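Here's the letter readout for the chains.
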Amino acid sequence: MIHISIKEEALSLAECQALIEDEAVGGIVHFVGTVRNQTKGNQVTKLEFEAYEKMALLEMEKIGKAALQQFDIERFVLQHRIGTLYLKEIAVIIVVGAKHRKAAFQACEFAIDSLKKTVPIWKKEFFIDGSHWVSAHP
Amino acid sequence: MIHISIKEEALSLAECQALIEDEAVGGIVHFVGTVRNQTKGNQVTKLEFEAYEKMALLEMEKIGKAALQQFDIERFVLQHRIGTLYLKEIAVIIVVGAKHRKAAFQACEFAIDSLKKTVPIWKKEFFIDGSHWVSAHP
Amino acid sequence: MNIQVLAFGIAKDILGQQLLPLEVSENTSVLLLKELLVRDYPEFAKLAGFSIAVNNEYRQDDYLLSEADEIAIIPPVSGG
Amino acid sequence: MNIQVLAFGIAKDILGQQLLPLEVSENTSVLLLKELLVRDYPEFAKLAGFSIAVNNEYRQDDYLLSEADEIAIIPPVSGG
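Residues numbered from 1 in each chain as written. Chains lettered and ligands numbered in written order. Predicted model: local features only at pLDDT ≥ 70, side-chain atom pairs only at ≥ 80, totals over all residues. Heavy atoms only, no water.

J.: So what exactly am I meant to see when it comes to the packing of helix α2 (residues 53-70) of chain A against helix α3 (residues 101-118) of chain A here?
T.: Relative orientation and spacing of two packed helices are given, respectively, by the angle between their axes and the distance between those axes. All names here are of chain A. Two elements in contact, α2 and α3, have axes separated by 10 Å at closest approach and are oriented at 150°. With respect to each other, α2 and α3 are oriented roughly antiparallel. Two packed elements cross with a definite hand, and for α2 against α3 that hand is right-handed. Across the interface between the two elements, E59, I63, A66, A67 and Q70 from α2 touch A107, F110, A111, S114, L115 and T118 from α3. (Axes fitted to C-alpha atoms, helices over the stretch in contact; angles between N-to-C directions. Helix = DSSP H or I, 4+ residues; strand = E, 2+ residues; numbered from the N terminus. Parallel < 35°, antiparallel > 145°, perpendicular 65-115°, else oblique. Left-handed = near helix turned anticlockwise from the far one by under 90°. Contact = heavy atoms within 4.5 Å.)

Quick look at the structure:
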């Protein structure tokens, strides 16, 4: 089971957990990415996420399919937020349910690593004295 | 920050997530262990968890301290349920918050692996036609 | 032929718009489109890199564009 | 000296009780306690193993018991 979404409103851990519930699942691993107050020593005030939404959903779906193919997992949930986010807010939730925990850990880490490489979503960091698009420049 | 507990009532993912919230945290990894319907092909109906509570709390605390020492993490939450649990119910939640995700994944997996080796908690599995203490015999 | 190029993130800032209309020759490749973009907007050369997606898929340099394609500039992604 | 041995999980089932009173000689080691348990309750020999905790800490075989200690049999754990 793969569930993918991109949302403008706050992401819910409880909603993701409910999507993963399954009698065949014994180990569930969540990755929750939140807005941190610092990047390389600069004070972050907020973030803005922009997505090429149609393509981002397709790339997220590909990650879910690859995870189900490569690891012995039952369920895969991936939700990404877009818009303006303040400190401590959740930008991304990935939840993987498996019979056994090892596969769930591996698939969840694979998914967040992949997302950061392939999914067309862009993060702009705002500091007290400016802003920049993350990773845009070498 | 280390938070440890053993509870007879249902564990709450939201409560654990709230304990981990921290402006310095960018990556959070949850491990959620749930009651699965099968073990080695046998249909499980329920589980009973028993703890040597004082010692279990001390051993859980040791795991938290070791995780904070060995990995670059900020916060560590470990809750274990005892008593009778039915299918899909949560037996254990481990949540680790870190600046960066890699340390959070490593510390969370270390913690559940350690718990299964050292913490004096015992699981009895009930099947339609009997029961047994898990791992007791070779 | 006339194409429209979608831009996101820093690419949108460089172009000053979300949708860039371009007149290119038939069978323009992804590589040629990238070269045209760098020529007209030198800021693209300063990026850590950028890709071109056609109809919601990343495409290699030798992929040939058609007028009906949905074409997008994908600067380095930074989701998560 | 008189000691009381706490039992959990399958150890409680083997002893038929949660708290086993035992009379042992002064300076009985953890190893000797294990041997006494196996002698009196042969089911212990069939386990994948078992440890002894004293005052809430796992103890090695050479650890010597005192009357005031809280002593517990720890059969193979299976939390999580």
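From this point, the narrative continues.
J.: Would you explain the sheet that holds strand β3 (residues 51-54) of chain D in this entry?
T.: Residues and elements named next belong to chain D. Ordered in space as β2-β1-β5-β3-β4, the five strands form an open sheet in which the pairing is mixed. The open sheet terminates on both sides in strands that have one partner only, identified here as β2 (19-23) and β4 (57-59). For this sheet, the mean angle separating the axes of adjacent strands, direction not counted, is 35°. In this sheet, β2 lies alongside strand β1 (residues 2-7) in antiparallel orientation, the contact comprising five bridges. Each residue of the ladder has a partner; that of L6, found in β2, is L19. (Pairing = 2+ DSSP bridges.)

J.: Help me out: how do you make sense of the interface of chain D and chain B in this one?
T.: As a measure of interface size, the accessible area lost when the parts come together is often cited. Between chain D and chain B, the contact holds 23 residues from the first and 29 residues from the second. Counting the surface lost from both chain D and chain B, the interface buries some 2200 Å², and carbon and sulfur atoms represent 55% of this. Linking chain D with chain B are four salt bridges, by the criterion used here. Between K124 of chain B and D13 of chain D there is a salt bridge, with its nearest N and O atoms 3.8 Å apart. The tally of links from chain D across to chain B stands at 18 residue pairs in polar contact (both at pLDDT 80 or more). Looking at the side of chain D that touches chain B, the elements that each hand over two or more residues are β1, α1 (9-15), β4 and β5 (71-74) of chain D. (Buried area = accessible area lost by both parts, 1.4 Å probe. Salt bridge = Lys/Arg side-chain N within 4 Å of Asp/Glu carboxyl O. Polar contact = N/O pair within 3.5 Å; in protein donor to acceptor, adjacent residues only side chain to side chain.)

J.: Sorry, what's going on with helix α2 (residues 30-40) of chain C here?
T.: Residues three or four positions apart in an α-helix share a direction because the helix packs 3.6 residues into each turn. Residue and element names in this part refer to chain C. Burial in α2 covers these residues: V30, L33, K34, L36 and L37. Viewed end-on, α2 has its buried residues packed into an arc of 160°, placing them on one side of the element. Taken together, the buried residues of α2 touch β1 (2-7), β2 (19-23), β3 (51-54), β4 (57-59) and β5 (71-74). (Buried < 20%, exposed > 50% of the residue type's maximum accessible area, 1.4 Å probe, protein only. Arc of directions from axis to C-beta.)

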